[in-house]
Each structure stands twice: as structure tokens, then as C-alpha cells.
Amino acid sequence: MSIPASQLPPLTEATLWQILNDELEDATVNQLLWHCLGYRYDPHTQTWQSDRVPPEWRQDYPEPPDFMGSRPAIVKLTRSIPPAHKQLLKEQLGFPGYEIKELTPRRTRRATAVNWLLSYRATQAEAGAK
């Protein structure tokens, strides 16, 4: 099941901090990522449409992956962040990272999700500026 795009939280700084602070459900974080990647849920056929999804994602994940629960999916997400955008968490949000005692796979995945969303937002702004 999917949240309609109109009901997803906007990609604002407040939303990104909610993800980092574990204030948004994993399902919502996944759906934000899915939407940005191009996955669309068709309620009539009750299937996921992937025609807008980049081929490298569509090939490995014809249906949207559980980024919060899947190491391979989050690793692919990490690797898809362009080198120029790898530090956006620090540069744009001033995120200092987690202390060693706070590190868990779930928190690391949430930080990766936010960094990817920042990269997505930057890429969209760059495309709009052209």
C-alpha cells in the first residue's frame, strides 16, 4: 500500500530532521524515497509502476525495496549519491553525525536516506537551473 504523493511530507529541512530524529515512520521514509526514484502505485491495478524509475534501479528492484530493512538496497542508495553530494548532510543541515554509542544500522540507514534525498533535491535544482 502507498501514501498518495499529495499526502507525503514535503522535502523540507524540517522533514529531513524528522527522518534523522526518528520522528517519521520507516514506511513514510521508504515512500518518500520510492516517490523520488519514480515508483508509482496504481490503486486500480494494485501494482507498482516503474516506468519512471531509472533503469539501474528498475533492473534490480522492479518493485520498490524496503530501504529501512534491507542492507543491499541502502548500499545501492549510498553508491548512487554523486561524489559532489556526499557531504550534503553536513554542508546543508549541519548534521554532526552520530556518536559511536548511538550508531545502529537503522540510524545509519536513516542518515543515508536523508543524504540521498538532499542529493535528489540538489540534482533537481541543478536540472531546473539549466
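It should be emphasised that the depicted structure is a prediction, and the values quoted were computed from it without experimental measurement.

**Quick look at helix 4 (residues 71–79)**
Taken together, the buried positions of helix 4 are A73, I74, V75 and L77. The backbone nitrogen of A73 lies 3.3 Å from a side-chain oxygen of the residue at the head of helix 4, namely S70.

**A closer look at the nonpolar core**
Core analysis: the biggest nonpolar cluster contains 34 residues, and L33 and F67 have the highest contact counts within it. At the level of secondary structure, the elements contributing two or more residues to this core comprise helix 1 (13–20), helix 2 (26–37), helix 4, helix 5 (88–93) and helix 6 (105–129). Apart from residues lying up to four places away in sequence, F67 is in contact with N30, L33, W34, L37, W57, A73, I74, L77 and R109.

**Remarks on the packing of aromatic side chains**
In the structure shown here, the tally under the stated rule is seven aromatic pairs. Ring centres 6.0 Å apart and planes at 65 degrees place the aromatic pair W17 and F95 in the edge-to-face group. Remark: F95 occurs in the loop between helix 5 and helix 6 and W17 occurs in helix 1; sequence separation between them is 78 residues. Relative accessible area serves as the criterion here: at 25%, W17 is assigned to the partly exposed category. The class of F95 is buried, set by a relative accessible area of 9%. On the basis of an interplanar angle of 65 degrees and a centroid distance of 5.1 Å, the ring pair of Y41 and W48 is categorised as edge-to-face. Members of the aromatic cluster, connected to one another through ring pairs, are W17, F95 and Y98. Lying over the aromatic face of W57, K76 brings its terminal NZ or CZ to 5.2 Å of the ring centre.

Rules used in this analysis
Residues numbered from 1 in each chain as written. Predicted model: local features only at pLDDT ≥ 70, side-chain atom pairs only at ≥ 80, totals over all residues. Heavy atoms only, no water. Buried < 20%, exposed > 50% of the residue type's maximum accessible area, 1.4 Å probe, protein only. Helix = DSSP H or I, 4+ residues; strand = E, 2+ residues; numbered from the N terminus. Polar contact = N/O pair within 3.5 Å; in protein donor to acceptor, adjacent residues only side chain to side chain. Core = buried A, V, L, I, M, F, W, Y, C linked by side-chain atoms within 4.5 Å. Contact = heavy atoms within 4.5 Å. Phe/Tyr/Trp six-rings, centres within 6.5 Å; stacked < 30°, edge-to-face > 60°. Lys NZ or Arg CZ within 6 Å of the ring centre and 35° of its normal.

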